[in-house]
Amino acid sequence: MVSSTTPCFCVFNGIHYNPGDKIVNKNHTGSGICLTLICSEICVVQITTEPCPSPPPPYGCPKWNKNTNETFMFCNCTMARCIKDNIIEIIPFECPPLQNITCENGKKPVLVYDEHHCCPYYTCDCFCEGWGDSHYITFDGHFYSYQGNCTYILLEEIRPQYHLKIYIDRVYCDLVEHVSCPRSVIVSYNNLNITLMNLNHIGDADLEAVVDNVKLKLPYAHNGMRVISSGQDLLLSIPDLSVNISFGATGFGINLPFQHFGNNTQGHCGTCNNNKADDCMIPGGILVDDCAVMGDYWPASDVNSEICTPPPALPTVGGISKPTSKPCQAHSYCNLLKSKLFEACHSHLSPENFFLGCEYDSCHESNPALVCTSLQSYARACSQLGICIHWRNYTNLCNIECSADKVYNACGPAEPPSCDLPDHNTNTVTTEGCFCLEGTLLFNKESGVCVNKCGCLDASGMPRKFDEVFEYNCEECICDKARKSVICKPKKCSNVNPGICTEPEFVLVNVTNPSDPCCSKQVCNCNVSMCPPLDKKCGVGYVPVLKVPYGKCCPEIKCESKKVCVHNNTEHEPGTNIPVTDCQECSCTSDVDPETQLLKVKCGSVQCNEKCDSGYEYIKKNLDDCCGKCVQTHCTVNFNGVNHTLKEGETFPSTNQSCDRITCTKVNGHFITNKYTVQCPPFNISNCKPGTVQQSPDGCCPVCVDQIKGCQVQTVRDYIKHKDCQSEEKLNLTFCSGDCTSSSWYTEAGMSSCTCCQATRSSNRTVSLGCLNSDIVTHTYVYVEECACSRTNCHEMGKNHTLPEDRQIST
């Protein structure tokens, strides 16, 4: 955006002119016509022509090419005035009073002399720097940030005088934020382009200087330019012009003397005239309010073969204003700039611009360590004013680690002393970095090796004293003082008489001498290819092991014990049982037989265990057997925690109140217990004759004499069992029961007659029974259909038709 109050310029043949300046003054164009060009107040070139004046009269003092009454510098700060005919008058030379000035960039004024080296006056040298996330401070101290992604002109002369140009190559360097970092600075001077590069934008810098894509070996000097490295920065100087340029991981710095470049610079670094107002100038002399806008208009066209994005059209008055960014919390390290740590420098150089850069990096960079660049740049600026600030120990992110032979110095010499130039240091620039310990110095600028005495460096980079004799890479070397270099020649080895090999299969070979690795000696070495073939087998329990006896060449097979037992050509592991004879038990022990080296077998007689569990008996069937066996002979029943044995067919218990019964049955040689419950017939006490209620003989069911006299058919539901078989379900089983008027009596032994309730009509029925051996058999039983009191032979009837007390049908 063009400022309405900013002065303008006229540009003619690439030269800038202020309003009122004469660009061409009465220039003879021919035919007696003279041309005059003047820059008007509105920066328009006015053209006027007029007749040329008459030629001047001849010089009054032609010896000095001066006219009469013309004053000129004679010599040694003495003036002279031409009288006539080479007669001059000497006039004392008077210097104007020395005036103090204030430098807009915050630097100290520099005392210099005029073009005649007679009168001193103060000027402000031009110092431009950039650091961190694309922050700039122009020659005149104007701060701005610019996020370009191309190669731009940092500095060029408005009116080419020394033909010095400096470019900066910027690239986007953050994966998160849209910010750029300087990748290289290119210095063009005296037909030579030197590129100072940083190959690593994240983390520690990887710096190198390059000419025509070839890395330079530093220090380097050519065509009036000199490049050195301090470890942290690359330093380029042009001694003839007192120009110093630095470039490193944190950014760049350009220091120009005002004597040579004052009022004659343009580009990203501004105009170098101690006036901030005209720093944001684009080509053509147009000023803009924002230097970040100006940055796009200085693309480099003659280096890197890079095509930058064309800038927009020239900004016009009333353009869009720069958006206001949201406030952001600065990193705590930024506050160090305004703290007592840097207080000694505050009165000489304000930290405000560096604080703004630090604050900007806190908000726009994902790498928190980038805030260190603002502190480092301020400390470097203070160092150039002679104020050294040791600030890195107050941070955790900004420390510099040095090797064991070096120590960190915040304001060390840019060219530390070395053996090649121990006391000569023409570079007065200070820099921070790692320097040799006190009492030591660099062997040379290239090596970076610190030594306490100068001498030579061997091929491994190790320092050697003059006249030191040493051995390296099997060569005998000496540090030659005259040549200041290492001279080596092959090492001589002593002659060794050839040996003789007395053992078979050994041959003479050359090997490295352990006591002198650079020389060889002859030894007897085994030639395995001359050994006989191996074909040896081992017995059971042994494993073949290949060994070379001491002093021998050829290997031999030895059979070593596997540490197992062997019986009947079978291996047995320790602790396992070994079958031998019927009445012996053997096991493999851990004891070693000293003769065979196998493990011993231990045997003993079998101990028979004749103790059997309840229901079993110890029986030895064959005399040839070592031991008998426990054979089951009874059923075993646990009742109330006590084991009871039952014979086959025996019931347990004989009586109890619960009517539960357990019987012992033998099936296929196995004793099996069967549990069942006695089923009682229906009992109605109201049908009982009083005083006749009692338990049945088995103690299970209540019985009584029925009040109703008479015999009748009674029915119960129960299983029919026969031997080892049983019906699948309960059946209705009938029997005769009831009182009769007669009773049974015995007339004589073995004979009886009785009147009782007996069946008068019955029938045979069949049912299928399931057996324990899974067979199904058909069984016939008697079904009573009618009963009556009759006189009969009860015993005869009981043979085939009487029902047992437990209500089970059997035949």
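As recorded in an unreviewed UniProt entry, the protein goes by the name Intestinal mucin-like protein, listed as coming from Cyprinus carpio.

### Digging into the nonpolar core
Grouped together as the largest cluster of nonpolar side chains are 53 residues, with contacts concentrated most on Leu-164, Ile-194, Phe-252 and Ile-254. Leave out the neighbours within four places in its chain, and Ile-194 touches Val-185, Ile-186, Val-187, Val-210, Val-211, Leu-216, Tyr-220, Met-225, Val-227 and Leu-236. Tyr-333, Leu-336, Leu-349 and Tyr-378 belong to the second-largest nonpolar core, a separate cluster that totals 27 residues.

### Some words on helix H5 (residues 372–384)
The end-to-end C-alpha separation of H5 is 18 Å, in line with the 18 Å expected for 13 residues at 1.5 Å each. With respect to burial, H5 is a largely interior element, 12 of its 13 residues being buried. Here H5 has its buried residues at Cys-372, Thr-373, Ser-374, Leu-375, Gln-376, Ser-377, Tyr-378, Ala-379, Arg-380, Ala-381, Cys-382 and Ser-383. Looking one or two residues beyond H5, the residue adopting positive phi is Gly-386, at roughly 90°.

### Observations concerning the confidence of the model for the protein
When pLDDT is averaged across the protein, the result is 83; 88% of the residues are at 70 or more. Below pLDDT 50 for its whole length, residues 1–5 participates in 15 contacts with residues either more than four positions away or in separate chains. Note that pLDDT drops below 50 for residues 741–753; the model gives that stretch 22 contacts with residues more than four away or on any other chain.

### Brief notes about the state of the cysteines
Considering all chains together, one arrives at 32 disulfides under this definition. Two residues share a disulfide in this structure: Cys-334 and Cys-358, whose sulfurs sit 2.0 Å from each other. With the S-S bond torsion at -80°, the cross-link from Cys-334 to Cys-358 turns out left-handed. With Cys-334 in the loop between helix H2 (291–294) and helix H3 (343–346) and Cys-358 in helix H4 (residues 352–364), this residue pair connects regions lying 24 residues apart in the sequence. You'll find Cys-334 and Cys-358 in the same group, each marked buried.

### With respect to the sheet that holds strand E36 (residues 485–490)
Read from one edge of the open sheet, 3 strands run E34-E35-E36, paired in antiparallel fashion. Every interior strand has two partners, whereas the edge strands, strand E34 (469–472) and E36, have only one. Averaged over neighbouring strand pairs, the angle between their axes works out to 35° when direction is ignored. With 4 bridges joining them, E34 and strand E35 (residues 475–480) adopt antiparallel strand pairing. The residue of E35 that forms the bridge with Phe-470 is Cys-477.

What counts, and at which threshold
- Residues numbered from 1 in each chain as written.
- Predicted model: local features only at pLDDT ≥ 70, side-chain atom pairs only at ≥ 80, totals over all residues.
- Heavy atoms only, no water.
- Core = buried A, V, L, I, M, F, W, Y, C linked by side-chain atoms within 4.5 Å.
- Buried < 20%, exposed > 50% of the residue type's maximum accessible area, 1.4 Å probe, protein only.
- Contact = heavy atoms within 4.5 Å.
- Helix = DSSP H or I, 4+ residues; strand = E, 2+ residues; numbered from the N terminus.
- Expected span 1.5 Å × (residues − 1).
- pLDDT = per-residue confidence, 0-100.
- Disulfide = S-S within 2.5 Å.
- Pairing = 2+ DSSP bridges.
- Axes fitted to C-alpha atoms, helices over the stretch in contact; angles between N-to-C directions.

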